[in-house]
Amino acid sequence: MLRIYTLCLAGIVGLGLGAAGCTGGGHGGRFQVAWDLAWAGDGAATCTSAGVTEVDLDVLDTYTNLDYHDSFSCSVYQGTSQRLPVGDYTVAVRAYGASGALASEAILPDVYPIDSGIVTPLPGVTLIVQ
């Protein structure tokens, strides 16, 4: 009789651990983003020449509709997001000038997944400035 209870307890614990491992809620991943700037007419621009000081990575979880925001100095031309919950995200990259005015925006056309413990590189972004 004791053996049956032990087997039942082991099964219950196994189910509990299996369910906890599938949620992904406690672990997340990050996005890696890289950008460059270009003039609307033609040619490459720099952060300094375009007057851009900050680039923001804005992502939206397509399941929960929670949004997440990271800011980077424009001059580093890349950044890694905060840890995000496992899920699928839409992505926008926005450039701002010193006054806080929006200088450029790129909405990435796809949905990008975050997996546990993984840094997911996003496609390179060219921000078009006036």
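Residues numbered from 1 in each chain as written. Predicted model: local features only at pLDDT ≥ 70, side-chain atom pairs only at ≥ 80, totals over all residues. Heavy atoms only, no water.

## Here we look at the side chain of Ser 104
Logical step 1: Residue placement: Ser 104 occurs in strand β8 (residues 102-107).
Logical step 2: Within the structure, the side chain of Ser 104 is placed 2.8 Å from the backbone oxygen of Ile 128, a separation counted as a polar contact.
Logical step 3: Contact partners of Ser 104, with chain neighbours within four places excluded, come to Val 93, Arg 94, Ala 95, Leu 127, Ile 128 and Val 129. (Helix = DSSP H or I, 4+ residues; strand = E, 2+ residues; numbered from the N terminus. Polar contact = N/O pair within 3.5 Å; in protein donor to acceptor, adjacent residues only side chain to side chain. Contact = heavy atoms within 4.5 Å.)

## Describing the pairing of strand β11 (residues 125-129)
Logical step 1: On β11, burial follows the alternation: Val 125, Leu 127 and Val 129 on one face are buried, whereas Thr 126 and Ile 128 on the facing-out side are not.
Logical step 2: Pairing of strand β1 (residues 28-39) with β11, which is carried by 5 bridges, proceeds in the parallel orientation. Paired with Trp 35 across the bridge in β11 is Val 125. (Buried < 20%, exposed > 50% of the residue type's maximum accessible area, 1.4 Å probe, protein only. Pairing = 2+ DSSP bridges.)

## What about the environment of Asp 61?
Logical step 1: Within the secondary structure, Asp 61 is located in strand β3 (residues 52-61).
Logical step 2: Sequence spacing of Asp 61 and Tyr 89 is 28 residues, and the spatial spacing of their C-alpha atoms is 4.6 Å.
Logical step 3: The residues touching Asp 61, leaving out its near neighbours within four places in the chain, are Leu 66, Asp 88 and Tyr 89.
Logical step 4: Polar contacts involving the side chain of Asp 61 include one to the main-chain amide nitrogen of Tyr 63, which spans 2.8 Å.

## Quick notes on the environment of Arg 30
Logical step 1: By secondary structure assignment, the location of Arg 30 is in strand β1.
Logical step 2: Sequence separation between Arg 30 and Ile 118 is 88 residues; the distance between their C-alpha atoms is 6.5 Å.
Logical step 3: Setting aside anything within four residues of it in sequence, one finds Arg 30 in contact with Thr 80, Ser 81, Gln 82, Arg 83, Ile 114, Ile 118, Val 119 and Thr 120.
Logical step 4: Engagement of the side chain of Arg 30 in a polar contact is seen with the backbone oxygen of Ser 81, the distance being 3.1 Å.

## What about the confidence of the model for the protein?
Logical step 1: Mean pLDDT over the protein works out to 86, with 80% of the residues at or above the 70 mark.
Logical step 2: Here residues 1-25 is a poorly scored stretch, pLDDT under 50, and it has 1 contact once near neighbours within four places are set aside; other chains count. (pLDDT = per-residue confidence, 0-100.)

## Quick look at the pattern of salt bridges
Logical step 1: Evaluated as defined, the whole model comprises 2 salt bridges.
Logical step 2: Notably, a salt bridge pairs Arg 94 with Asp 58, separated by 2.6 Å at the nearest N-O pair. In this pair, Arg 94 is assigned in strand β7 (residues 87-97) and Asp 58 in strand β3, connecting sequence segments 36 residues apart.
Logical step 3: You can call Arg 94 buried: its relative accessible area is 19%.
Logical step 4: Relative accessible area serves as the criterion here: at 16%, Asp 58 is assigned to the buried category.
Logical step 5: For Arg 94, the salt bridge is made with Glu 105, and the minimal N-O distance between the two is 2.6 Å. Here the residue Arg 94 occupies a position in strand β7, and Glu 105 occupies one in strand β8, the gap between them amounting to 11 residues.
Logical step 6: Among the charged side chains, a salt-bridge network with shared partners connects Asp 58, Arg 94 and Glu 105. (Salt bridge = Lys/Arg side-chain N within 4 Å of Asp/Glu carboxyl O.)

## Comments concerning unusual backbone geometry
Logical step 1: For Asn 65, which is not glycine, the phi dihedral falls at a positive 65 degrees.
Logical step 2: The residue Asn 65 is located in the loop between β3 and β4 (67-73) in this model.
Logical step 3: Of the residues examined, Asn 65 reaches a relative accessible area of 55% and is grouped as exposed.

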